[in-house]
Structure formats: C-alpha cells, structure tokens
Amino acid sequence: MSLIIFYVSCFLAFVAGHMVNYTAILYSLAKFDSSLLAGLSYGLCFGPPIIFGWVAGAYIDRYSSKRVLLIAQNFFVLGATGMLCVMWFEPKYSIALFLLSSFSVGVGWAFVAPARLSSMGSYVQGDKLAQATITFNLLVMLGFGLAPIIITQVQLWYDWQGVAFLSIGMFILSSLLLINAPNIHQRLSHDKLKKEWLDCFAMLKQTPIIPQLLFAAIIGYLLMGPMQVILPQIAEARLGLNPQEKGQYLGLIAFSLIIGGIAAMQLKHYLHIGRSMVVMLFLCGLCIGVIGYVESVLFSCIALIIGTSLAGVIVSFIVAGLQQFTPIQIRGRVMSIYTIISQVVSAMSGVLAGAIAQGISVPFSLYVVSGVFIVATLWLGLKGKHLLMFRRFGSEV
C-alpha cells in the first residue's frame with residue numbers, strides 16, 4: 001500500500017511539474033508575446049540542476065531522500081504561486097516575477113527528481129526494484145504526455161489562473177501523501193561537498209557499469225532536445241502539416257515514450273539488457289536521420305514512433321540498472337548525476353540542433369545529431385564491456 005501511495009504522489013507531482021514547465025513557455029508566448037521570454041523561462045525551469053544538482057545529491061545521502069523531497073517540493077509550490085500572482089494581479093514587475101518563479105521551479109526539479117528516484121529503495125529492494133523503477137519511469141512519461149492535454153482543457157474553462165491553482169493543489173496533495181511514508185536511510189558523516197563528491201567518484205571507479213549506464217543516458221537524451229525544437233519545423237516545412245495535424249504528429253512523442261515504458265516491463269524478462277540497449281540506441285540514431293530525410297508523412301510517423309518507443313525502453317532500462325548497481329550510500333549523488341544529464345543534455349542538444357537548423361538547414365541538423373548519436377553508440381558498444389555483460393535485472397555483472 002505504501003508503494004501505491006508513493007506512485008500516486010509521483011504521478012500527481014510529475015503531471016503538475018510538467019504543467020508548470022509548459023505554462024512557463026505557453027504563458028510567455030500568449031500573454032507577453034515574447035519568444036525570448038519563453039526561452040528564458042524554459043531555461044530557468046531546466047537550468048538550475050546544473051548547479052543545484054550537485055548539492056541535491058549530497059543532501060539526499062546526508063539527510064534522507066524523504067526529508068529532501070518534502071522540503072524541496074515547496075519550491076514548486078512557490079514557483080506556481082508566483083506565476084499565479086502574475087496571472088491574477090499583473091504587477092508592473094510581472095516579467096521579473098515570472099522569471100523568478102520559473103527559477104524556483106527549476107530548483108524544485110534539481111532536488112525533487114533525484115530524491116524521488118532515491119526514495120525507491122525505501123519501498124522495495126532486491127529483484128523487485130527494477131520492476132518498481134520501470135513503473136516509476138512510466139509515470140514520468142505519463143506526466144510528460146498528459147500535462148499539455150490537461151493545460152489545454154483547464155485553460156479553456158478556467159483561464160491560466162485555473163492551471164496555476166490546479167498545479168499548486170496537486171503539489172500540496174502529493175506532499176501530504178508522503179508525510180507518513182517510510183524513510184529507510186543510513187545517516188552519513190557530514191563532510192565538505194567537494195570531499196563527498198570525490199568519495200562518490202572513487203566508488204564509481206569500483207563499479208564501472210554505473211558510468212557506462214550514465215554514458216548511455218547521455219546518448220539517449222541527445223534525442224529529446226531535437227525532438228522538441230526541430231520536429232515542429234519538420235512537421236510544418238517538410239511534411240506540410242496544418243496546425244491540427246502538427247499537434248497530432250508531435251503528440252506521437254509522448255504516446256511512443258509511454259508505449260516504450262510499457263514494453264520495457266515485459267521485455268526486461270527476455271532481452272539481454274546491455275546488448276539490447278546498445279542495439280536500440282543505434283536504431284534510435286538511424287530513426288533521427290530518417291526523420292530528417294523522408295518527406296512522406298507515413299514514413300516519418302513510423303520512424304518517429306519506432307525511435308521514441310525505443311527511447312522509452314532504453315531510459316527505463318537505464319534508470320532500473322542504476323537502481324540495481326548503485327550502492328545505497330551514494331544513491332542520491334548518482335541519481336543527481338542522472339537528473340543533470342536528463343535536463344542539461346536534452347537542452348544543449350536542442351540548442352545545438354536549433355543553431356544548425358538556423359545556419360544551414362533543418363534536415364541537416366537532424367543528420368548531425370544522428371551522426372553524433374551513432375558514433376557515440378558505437379564507442380559505447382566497443383568500450384562498454386561491463387554494460388555488455390549486463391544480462392538480467394537482479395544478476396551481478
């Protein structure tokens with residue numbers, strides 16, 4: 001029952017978190033009519049983990065994931081409340097307050113995302129941890145997919161204030177559900193932040209599959225930025241889709257990620273985990289290039305569904321693998337590294353793809369991303385011997 005309550009809490013927080021992320025972008029475009037402000041808001045929602053993620057990991061290992069989670073989730077409430085104030089009162093300093101609110105949301109992601117991942121060890125251990133983590137990752141994808149749909153409906157009936165109110169309520173309820181949650185934690189001696197991270201890196205050298213899984217995550221998240229930045233341009237300029245058709249085309253991303261998460265639950269019993277991850281990463285890279293090349297809507301949709309579904313399986317396997325092999329005393333720090341990768345790599349790849357598309361062409365930007373993706377995957381296949389030895393969840397490498 002405690003695990004189910006934790007899942008419900010996660011689901012509420014993920015939906016609300018992505019609602020606030022989308023609000024930062026969409027409200028900036030709708031009310032401020034500023035692409036620059038939308039970009040800044042987006043960056044502030046995803047940028048803080050670059051700095052605060054290192055603090056978050058150490059604090060989770062020091063004080064427990066539950067304590068950090070319950071405190072840090074208030075940053076989401078604070079950020080959504082600031083956005084509500086802008087929507088309701090429209091003060092003279094609206095833009096500054098809105099950007100500050102977006103920054104507060106970013107701080108929340110820096111602490112809450114790794115804290116929730118680290119909390120899994122308080123609910124399940126051993127062989128059940130992989131399945132529980134894959135389920136957790138599926139909830140992340142569901143939140144990502146449902147958030148824009150909920151925003152559209154709520155904003156239609158209750159305007160932007162309704163979106164902010166709903167987000168705040170979901171965050172508060174998510175926290176209340178965890179008040180009596182289990183809190184299995186081994187208290188660590190407090191040291192300087194730099195020393196704690198050096199100790200973590202020393203332990204990672206003794207468990208080389210963890211850095212290899214993290215490198216696989218870097219490759220996988222190269223896909224996410226171009227998907228958000230370039231695909232709208234592909235849909236409009238190359239495929240000739242109207243706004244409604246473009247929305248349906250882009251909706252395939254969330255749908256396929258969810259399908260991939262569901263597939264991971266079954267495939268983990270039958271696949272050689274490490275080798276299949278490398279093969280699926282390679283196929284993802286090919287799909288990116290195909291999307292940039294084809295002009296057929298049907299073939300583009302097929303490539304998009306295959307590529308993002310495989311990405312959903314890969315990310316689920318990576319997170320579950322990290323849970324299995326990470327020693328409990330550094331789990332917070334490793335999950336923080338993963339969070340930083342998921343935020344920073346996707347943002348940087350999106351910026352790079354956008355710059356190439358602006359300077360050369362939209363298809364060429366996808367060819368570059370595809371080439372980098374494939375080369376990095378081949379390198380992982382040649383050098384990641386510990387990852388390639390990873391056969392099943394619950395087994396040692």
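1. Re the pattern of salt bridges
Consideration 1: This structure, assessed with the given rule, holds 4 salt bridges.
Consideration 2: For Arg238, the salt bridge is made with Glu295, and the minimal N-O distance between the two is 3.7 Å. Of this pair, Arg238 sits in helix α10 (residues 231-238) while Glu295 sits in the loop between α12 (273-293) and α13 (297-325), and the two are 57 residues apart along the sequence.
Consideration 3: Among the residues examined, Glu295 registers a relative accessible area of 57% and is labelled exposed.

2. Some details on the packing of helix α4 (residues 65-89) against helix α5 (residues 94-119)
Consideration 1: As a packed pair, α4 and α5 sit with axes 7 Å apart at the nearest point and diverge in direction by 155°. Judged by the inter-axis angle, α4 sits roughly antiparallel to α5. Crossing of α4 against α5: the hand is left-handed.
Consideration 2: Looking at the contact of α4 with α5 residue by residue, the classes come out as 17 nonpolar, 11 polar and 2 charged.

3. Points about empty space enclosed by the protein
Consideration 1: For the structure on display, the rule yields 4 cavities of 30 Å³ or more.
Consideration 2: Estimates place the volume of the second largest cavity at around 60 Å³.
Consideration 3: Around the second largest cavity, the lining residues are Ser65, Lys66, Leu69, Ser119, Ser122, Tyr123, Leu178, Ala181, Pro182 and Asn183.
Consideration 4: Top contributing element to the lining of the second largest cavity by residue count: α4, with 3 residues.
Consideration 5: In terms of residue class, the lining of the second largest cavity is made up of 5 nonpolar, 4 polar and 1 charged.

Definitions and limits used
- Residues numbered from 1 in each chain as written.
- Predicted model: local features only at pLDDT ≥ 70, side-chain atom pairs only at ≥ 80, totals over all residues.
- Heavy atoms only, no water.
- Salt bridge = Lys/Arg side-chain N within 4 Å of Asp/Glu carboxyl O.
- Helix = DSSP H or I, 4+ residues; strand = E, 2+ residues; numbered from the N terminus.
- Buried < 20%, exposed > 50% of the residue type's maximum accessible area, 1.4 Å probe, protein only.
- Axes fitted to C-alpha atoms, helices over the stretch in contact; angles between N-to-C directions.
- Parallel < 35°, antiparallel > 145°, perpendicular 65-115°, else oblique.
- Left-handed = near helix turned anticlockwise from the far one by under 90°.
- Nonpolar A, V, L, I, M, F, W, Y, C, P; charged D, E, K, R; others polar.
- 1 Å grid on protein atoms, 1.4 Å probe; cavity = no way out; pocket = protein on both sides within 12 Å on 5 of 7 lines; lining within 4 Å.
- Points joined across faces, edges and corners; volume = space filled by probe spheres on them.

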